[in-house]
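Fold and contact review
So you can see what is in the structure, the chains are spelled out below.
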Amino acid sequence: MTVNSPGVFQIREDLLIEEVDGEFVILDMHHNVYFGLEAMGKLIWELLQQEQDVDSIVNTIASHYGVSEDVVRRDVMTFIDQLVEQGLITTRVNRA
Amino acid sequence: MSVHHHYLIYDEHVCSDQPLDYPISEAADDGCAWRLYEGDLSVCDDLNSWTRIHEEFDFEGGPCLMIYEDQHDPTSSLISYAGWRALIRAHEVIYTYDRTASPYAIPFAQVIERVIAPWKVLSQRDHILAVHGGAVSMSGQAWIFIGESGVGKSSAALELVHKGMTLLSDDMALVDVEHMCVLPGPWVVRMWGSSHVDGTSDGGAVVGTQGQKRRVLVARVHTPSVQVQKNELQAIFVLERVHEGSPEGKFHEMRGAKGLIKVLGQCFDLSHPSPMWSRRRLTLARRMCDELQGISVCSYGESPDGRPAHVEGLWHQITQREGQ
């Protein structure tokens, strides 16, 4: 699945998240699989938790790291695609 | 059974087939003591109410360890191994032996020490983590080797046994995270590939082969009373075989989420399939990694003669740390 909508995303509620030295370890208790998120992934995850959409996330990341939005957008989309593919988040209806 | 069988973890009784000299009910309140006795297990003949959660042959045609969980009472489990059967309940273990059921005569003390007691401890104590890996000890200190199957955990463990260390487990290392100690697990050493090992360090015997896989028993001293000494966990080594890597191995530390995920990926979940246990496993693994301040990765390449040359590097790391 490829994320190409400006919608917001819903994080699965049954995930267990542990912060370790500024990174996240996410436990998918249903499938008994662990995922690690480094600093950038952790930041995107936190923005997803705040129900920010892709445009907003890209804007925040670009400002935070001082990188152009075009570059950031590609990485953010790839990352979110992976989260969707792993079933950690689901797409939700677009904001009105 | 005329011999007293006691199983102690450190100085604490956890099971006995004779009356203990203190009220078992007090000790049993926190699950630290249980009674062991021979009894009738015909009630368990009908396995319809049991769910099989583990089945593994030591080698093809060899003894098979099977573990069942009571569908109605998850605190009860049933173990079957080499003619022995044991019903494990909260405060007791009832066992039977049918010598005609298996051609492998494994002494009861061994079955207690390396099958029943570890399982009982693992399934009913909430601070034990079962790690897929080999463990060795020396002078009250312990080291664990984890890594993908076939990476050389058994080879490393056996080489270190040849250097005078004691094998705590081959495949499953039980870590008491509360005390940061390693308990003995299954005692079998399995060897892959063209092993140069043709015996054991202290009187065991090669008992079978499976293709190129050789199974070696490392003999231990068996006494009526089995006491698990404190072997404090010093380090976890992740073994990684890399293409064109140095046979002697290169070492680096892995901390944070990466280290934790490496460890979690090598934790057994056979006794801990529920979300509650997943949560506990994460908590225990986190605590263990924090205590160790990370794990050590040993990346090594194939040596020309096939011998596990990286073990010298491991030995150096271990003795260097011990000397600090």
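These numbers were taken from a predicted model, which means no experiment stands behind them.

What counts as what
Residues numbered from 1 in each chain as written. Chains lettered and ligands numbered in written order. Predicted model: local features only at pLDDT ≥ 70, side-chain atom pairs only at ≥ 80, totals over all residues. Helix = DSSP H or I, 4+ residues; strand = E, 2+ residues; numbered from the N terminus. Buried ≥ 20, exposed ≤ 12 C-beta atoms within 10 Å, placed from the backbone. Contact = placed C-beta atoms within 7 Å. Core = buried A, V, L, I, M, F, W, Y, C linked by C-beta atoms within 7 Å. Domains from an automatic or database assignment. Nonpolar A, V, L, I, M, F, W, Y, C, P; charged D, E, K, R; others polar. Pairing = 2+ DSSP bridges. Axes fitted to C-alpha atoms, helices over the stretch in contact; angles between N-to-C directions. Parallel < 35°, antiparallel > 145°, perpendicular 65-115°, else oblique. Left-handed = near helix turned anticlockwise from the far one by under 90°. pLDDT = per-residue confidence, 0-100. Arc of directions from axis to C-beta. Expected span 1.5 Å × (residues − 1).

**Considerations on the overall build of chain B**
Assigned secondary structure in chain B consists of six helices and 20 strands. Here chain B holds 324 residues, and 37% of them are scored as buried. Counting contacts in chain B only where the partners sit at least 6 residues apart, residues at least 24 apart contribute 61% of the total.

**Description of the overall build of chain A**
Counting secondary structure elements, chain A contains three helices and five strands. Counting from the amino terminus, chain A carries its helices and strands in the arrangement β-β-β-β-α-α-α-β. Among the 96 residues that make up chain A, the fraction classed as buried is 23%. Put simply, of all contacts in chain A between residues at least 6 apart along the chain, 53% involve residues at least 24 apart.

**Description of the nonpolar core**
Taken as a class, soluble globular proteins show a tendency for nonpolar side chains to be buried jointly. Residues and elements named next belong to chain B. Core analysis: the biggest nonpolar cluster contains 88 residues, and Val-136, Ile-144, Val-182 and Ala-285 have the highest contact counts within it. Sort the elements by how many residues they give to this core and helix 2 (residues 108–124) lands first, with seven residues. When residues of this core are sorted by domain, at least three fall in each of domain 1 (1–125) and domain 2 (127–324). For Ile-144, the contacting residues outside a window of four places in its chain are Val-131, Gly-133, Ala-135, Ala-173, Val-182, Leu-233 and Ile-236.

**Let's talk about the interface of chain B and chain A**
In this complex, chain B contributes 14 residues to the contact, which on the side of chain A involves twelve residues. Mapped onto the side of chain B that touches chain A, the elements with two or more residues apiece are helix 4 (256–264) and helix 5 (275–292) of chain B. For the side of chain B that touches chain A, the element with the most residues is helix 4 of chain B, which contributes six residues. Its residues assigned to classes, the side of chain B that touches chain A comprises six nonpolar, three polar and five charged.

**Re the pairing of strand 2 (residues 15–20) of chain A**
Residues and elements named next belong to chain A. Bridge analysis of strand 2 against strand 3 (residues 23–28) gives six bridges, and the strand direction is antiparallel. By the bridge assignment, Glu-19 is partnered in strand 3 with Phe-24. The antiparallel pairing of strand 2 with strand 3 creates a hairpin that spans two residues between the two strands, and Asp-21 there sits at a positive phi of about 50°.

**Concerning the sheet that holds strand 3 of chain A**
Strand pairing within a sheet occurs via backbone hydrogen bonds; the two strands may be parallel or antiparallel. Pairing in this open sheet of three strands is antiparallel, and the strands run 2-3-4 (chain A) from one edge to the other. Looking at strand neighbours, the two that pair on one side only are strand 2 and strand 4 (33–37) of chain A, the edges of this open sheet. Taking each pair of neighbouring strands and ignoring which way they run, the sheet shows an average axis angle of 20°. Where helix 1 (residues 39–49) of chain A meets the sheet, its contacts fall on strand 3 and strand 4 of chain A, and the angle it forms with strand 3 of chain A comes to roughly 65°. Each of strand 2, strand 3 and strand 4 of chain A touches helix 4 of chain B; the most contacted strand, strand 3 of chain A, lies at about 25° to it.

**With respect to the packing of helix 2 (residues 54–65) of chain A against helix 3 (residues 69–85) of chain A**
Residue and element names in this part refer to chain A. Interhelical geometry of helix 2 versus helix 3 gives an angle of 125° and a closest axis separation of 9 Å. Our classification of the angle between helix 2 and helix 3 gives oblique. Note on packing geometry: the crossing formed by helix 2 with helix 3 is right-handed. Contacts between helix 2 and helix 3 involve Val-54, Ile-57, Val-58, Asn-59, Ile-61 and Ala-62 from the first element and Glu-69, Val-72, Arg-73, Val-76, Met-77 and Ile-80 from the second. Considering only residue class, the contact of helix 2 with helix 3 consists of nine nonpolar, one polar and two charged.

**Quick notes on the confidence of the model for chain B**
Residues and elements named next belong to chain B. On average, chain B scores 73 in pLDDT, and the residues at 70 or more come to 71%. Between residues 1–5, whose pLDDT stays under 50, and residues either more than four places distant or in other chains, the model counts 14 contacts. Contacts from residues 17–32, a stretch scored under 50 in pLDDT, to residues over four places away or in other chains number 21 contacts. As a predicted assembly, this complex carries a pTM of 0.70 together with an ipTM value of 0.73.

**A look at the packing of helix 4 of chain B against helix 5 of chain B**
Residue and element names in this part refer to chain B. At a minimum axis separation of 10 Å, helix 4 and helix 5 run at an interaxial angle of 125°. Classed by the angle they form, the pair helix 4 and helix 5 counts as oblique. Here helix 4 runs over helix 5; the crossing is right-handed. The residues of helix 5 that touch helix 4, namely those facing Gly-259, Leu-260, Val-263 and Leu-264, are Leu-282, Ala-285, Arg-286 and Cys-289. Class assignment of the residues belonging to the contact of helix 4 with helix 5 gives a composition of six nonpolar, one polar and one charged.

**Re helix 1 of chain A**
Residues and elements named next belong to chain A. Those residues of helix 1 lying buried are Ile-44, Trp-45, Leu-47 and Leu-48. All buried residues of helix 1 fall inside an arc of 160° around its axis, so they share one side. Turned more than 90 degrees away from the buried face of helix 1 sit Ala-39 and Gln-49, all of them exposed.

**Section: helix 3 of chain A**
All names here are of chain A. An ideal rise of 1.5 Å per residue puts 24 Å on 17 residues; helix 3 measures up with 24 Å between its terminal C-alpha atoms. Taken together, the buried positions of helix 3 are Val-72, Val-76, Ile-80 and Leu-83. Within helix 3, the buried residues cover an arc of 60° as seen down the axis, which keeps them to one side. Residues of helix 3 that are exposed and point more than 90 degrees away from the buried face comprise Asp-70, Arg-74, Thr-78 and Glu-85.

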